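# Topology and contacts: notes
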Amino acid sequence: MTYRLEMKEMTKKYGEFLANDGISIHLNKGEVLAIVGENGAGKTTLMRMLYGLEQPTSGQIKLNGKNVKFSGPLDAIEHGIGMVHQHFMLFSDFTVTENIVIGHEPKRNGFFKRTAAAEKVQELSEQYKIQVNPLKKAGDCSIGEQQRIEILKVLYQGADIIILDEPTAVLTPIEVEELLKTIRFLAEQGKSIILITHKLPEVMKVADQITVLRNGRVTGNVLKEQTNIDQLATMMVGRELQQLTDRIQLDGEPLLEINDLTIGGKDAKPILDHLSLTVHRGEIVGIAGVSGNGQSELIQAISGLRKIDKGSIRLGGTTLMGKSVAFRRSAGLAHIPEDRYLWGAAKDATIEETGLMGFYKQKRFNKYSFIRKSGFRKLLRGWIDRFEIKATSLDDQSGNLSGGNLQKLIVARELGFETDFLIAAEPTRGVDIGAMEYIHEAIIEKRNNGDGILLVSSELSEILTLSDRIAVMYEGKIVDILDRNEATEERLSVLMAGGNENGSSTKTTTTA
Ligand SMILES: Nc1ncnc2c1ncn2[C@@H]1O[C@H](COP(=O)(O)OP(=O)(O)OP(=O)(O)O)[C@@H](O)[C@H]1O
Ligand SMILES: [Mg+2]
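Quick caveat: nothing in here was measured; it's all calculated off a predicted structure.

Calculation rules
Residues numbered from 1 in each chain as written. Chains lettered and ligands numbered in written order. Predicted model: local features only at pLDDT ≥ 70, side-chain atom pairs only at ≥ 80, totals over all residues. Heavy atoms only, no water. Near = heavy atom within 4 Å. Polar contact = N/O pair within 3.5 Å; in protein donor to acceptor, adjacent residues only side chain to side chain. Helix = DSSP H or I, 4+ residues; strand = E, 2+ residues; numbered from the N terminus. Nonpolar A, V, L, I, M, F, W, Y, C, P; charged D, E, K, R; others polar. Buried < 20%, exposed > 50% of the residue type's maximum accessible area, 1.4 Å probe, protein only. Pairing = 2+ DSSP bridges. Axes fitted to C-alpha atoms, helices over the stretch in contact; angles between N-to-C directions. Contact = heavy atoms within 4.5 Å. Salt bridge = Lys/Arg side-chain N within 4 Å of Asp/Glu carboxyl O.

### A look at the site of ligand 1
What surrounds ligand 1 is a group of 19 residues, the closest being G40, K43, T45, S402 and G404. E166 is positioned with one of its side-chain polar atoms (N or O) 3.5 Å from an oxygen atom of ligand 1. Here an oxygen atom of ligand 1 and a side-chain polar atom of S402 are 2.6 Å apart. Elements supplying a minimum of two residues to the shell around ligand 1: β2 (17-27), α1 (43-50) and α14 (403-416). In terms of residue class, the shell around ligand 1 is built from 5 nonpolar, 11 polar and 3 charged.

### Quick word on unusual backbone geometry
Peptide bonds are trans in most cases, and residues, glycine excluded, mostly fall at negative phi. Not every positive phi belongs to a glycine, and N64 is a case in point at roughly 45°. Among the structural elements, N64 can be located in the loop between β4 (58-63) and β5 (66-68). The residue E388 is not glycine, and still its phi comes out positive at about 50°. Considering the arrangement of structural elements, one finds E388 in the loop between α13 (373-386) and α14. Overall, E388 belongs to the partly exposed group, its relative accessible area being 39%.

### Details of the sheet that holds β2
Ordered by their spatial adjacency, 4 strands build an open sheet running β2-β1-β4-β5, and the pairing between neighbours is antiparallel. Edge positions in the sheet fall to β2 and β5, since each has one partner strand and no second. Averaged over all adjacent pairs, the angle separating strand axes in this sheet is 30°, with direction ignored. In this sheet, β5 lies alongside β4 in antiparallel orientation, the contact comprising 3 bridges. The residue bridging I61 from the neighbouring strand is V68, located in β5. The sheet strands contacting α1 are β1 (5-14), β2 and β4, and the helix crosses β1 at an angle near 115°.

### Concerning the sheet that holds strand β3 (residues 32-37)
The 6 strands lie next to each other as β6-β9-β10-β3-β11-β12, forming an open sheet whose pairing is mixed. The strands lining the two open edges of the sheet, one partner per strand, are β6 (81-84) and β12 (217-223). Pairs of neighbouring strands in the sheet enclose a mean axial angle of 20°, with direction left out of account. With 4 bridges joining them, β3 and strand β10 (residues 192-196) adopt parallel strand pairing. Residue pairing in the sheet places I35 in a bridge with I196 of β10.

### A short note on the pattern of salt bridges
Within the structure shown, the criterion is met by 25 salt bridges. With its nearest N and O atoms 2.7 Å apart, the salt bridge here joins R217 to D21. Of the two residues, R217 is situated in strand β12 and D21 in strand β2; the sequence distance between them amounts to 196 residues. By relative accessible area, which is 48% here, R217 ends up partly exposed.

Right, dumping it as structure tokens:
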């Protein structure tokens, strides 16, 4: 049988390390292939070879039965392959249209035909039911809109095979639903889609066939009709998932106390609006909200990355007002940042340096003012074991870790500070379901230990699983605080959309 795409026995070696070990996949017109597997299983590597970003060590790529070799992404694009990366690569000062047509602008006598370009974008947007505003600046677009720009760009370049590497990790639940619809629609229009995700319910919604990878090899290829979530989970992690440990009843004193916190916005509306919140010892407080309602600014204000206009923040009785990030850390604050590349790690730093960030200030590693390397390395190896971080060597660059493995390293480091208080923002973003279980377990353990945790997550299921109390944020305010046993996904969704307790919505849902 001739497939639209066939990758045969693909192998990629980095030094002695086999990132891909004889992986074969195939894909037909109008089909959605989901690729799932643990962090570091080799998913992104396989796709980078298909998009011409990496050269295979061995193996064969065939398009419609013909052998092809791509010298680089431009070559792959020429052959009808498009890739939407997880970290968008848009020019923020350019309009939506300019970003889509860049490199392939419609021109007359060498001049860019602006109107023709905007019309073409409008046409594509209607044809594929992907909504964008062609004249808006990309920098003013929400994450969801930016992703739609990337997809339209790939369609504009004429892609028949579209690679989406963890596209839903950064989206709100509403945006996820829209994207899944778009994927199905593109397939109906004859496109072939490769979707990488850790979220098995999404796989069951859109995929036709599923390939499971583990340690650089294919461990299964199944049709959607012939499988289910439990089976896929077992195939992925090679074991059954556990129940979370029980919580120990604790009545802790207040630890983080936020009072009347206000941050002004550019226009009249404040970003944080007289917000007050307390996190006690032995408690996980979850923040639920549609992204863009002030959650990021709240975290930045607590961790010292953003100035506030009014109000107070205290940790264990000590004021944090006007204090540096370093002071806040030494006062007992750890922080798993929502964007691991922006705040969590430097790509060029080694794994050891990334793990060490912030640690050299601690007495136990700093005796006689030099870093006690062996002690630290032992600790680091312990984390690598516990969270199953796939790393070849501690001296390797952090940038070479797969997305999920870097996330695990940052989580391990922040837990490793053993502070009284932790901000956990999107703690399991991009990690596989096995690692998610370890991270959840570690957060509960920290809580049982009497520490306080502020959890911010766009995954409602994560908020509901972990939180003791749930604060709902809407337009910079905390509109309600629910106990874990009174919270349901439905009730939270209504509150998150600005609705009131009776379930009726007083305002329309924000789009961001
Ligand atoms: N340039 C590189 N040099 C050395 N090792 C690399 C390089 N790129 C990837 N690797 C290693 O190859 C393995 C596979 O990485 P890959 O990014 O393909 O994983 P993945 O399945 O996409 O994982 P995740 O779900 O975490 O994104 C990882 O262990 C990674 O550390
Ligand atoms: Mg990856």
